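Architecture and fold: a report
Listed here are the chains, written in short residue letters.
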Amino acid sequence: QVQLAESGGGLVQAGGSLRLACRASFSISFATLGWYRQAPGKQRELVARTRSGGGANYADSVKGRFTISRDNAKNTVYLQMNSLKPEDTAVYYCNAEAFGGVWGRGTQVTVSS
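Reading the values: the criteria
Residues numbered from 1 in each chain as written. Predicted model: local features only at pLDDT ≥ 70, side-chain atom pairs only at ≥ 80, totals over all residues. Heavy atoms only, no water. Buried < 20%, exposed > 50% of the residue type's maximum accessible area, 1.4 Å probe, protein only. Helix = DSSP H or I, 4+ residues; strand = E, 2+ residues; numbered from the N terminus. Pairing = 2+ DSSP bridges. Salt bridge = Lys/Arg side-chain N within 4 Å of Asp/Glu carboxyl O. Disulfide = S-S within 2.5 Å.

Description of the pairing of strand β11 (residues 107–112)
A one-sided burial pattern is seen for β11, the buried positions being T107, V109 and V111 and the unburied ones Q108, T110 and S112. Bridge count between strand β9 (residues 90–96) and β11: 3 bridges; the pairing is antiparallel. Bridge assignment links Y92 to a residue of β11, and that residue is T107.

This is the structure in structure tokens:
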């Protein structure tokens, strides 16, 4: 029973903000974690990624707007999304590079024009 559970998605106007959370059923202290998204008709893409040693990388399309962070004590990784655009609309998935790779079920983010 190794699971990830996303929350925090919803409907927001362009220019608004949302914070996504991903709670793991296991310790994330030494885990590499990432947020991905998939829009209809498009491939799943990496949005942001953080390693246990610190640091993060982002897709060019979200740099300066999104921030990934982690709370190891709560086994939770977050994605703060600011200045949202309609093209950010997608299902957002959490991923852990552990146990052969673990995915959450996803949470819908919809940004209206």
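Read on, since the account is not over.
Describing the pattern of salt bridges
Tallied over the full model, the rule gives 5 salt bridges. One salt bridge in this structure joins E45 and R37, with 2.8 Å as the shortest N-O distance. Here E45 falls in the partly exposed class, since its relative accessible area comes to 34%. Residue E97 pairs with R49 through a salt bridge whose shortest N-O separation is 3.0 Å. Here E97, found in the loop between β9 and β10 (102–103), pairs with R49, found in strand β5 (residues 45–50); they are 48 residues apart in sequence, far enough to count as distant.

Observations concerning the state of the cysteines
For the structure shown, the criterion picks out 1 disulfide. For C22, the disulfide goes to C94, at an S-S distance of 2.2 Å. Across the S-S bond of C22 and C94 the torsion is about -85°, and the bridge reads as left-handed. Taken together, the residues span a long stretch of sequence, with C22 in strand β3 (residues 18–24) and C94 in strand β9 at a distance of 72 residues.

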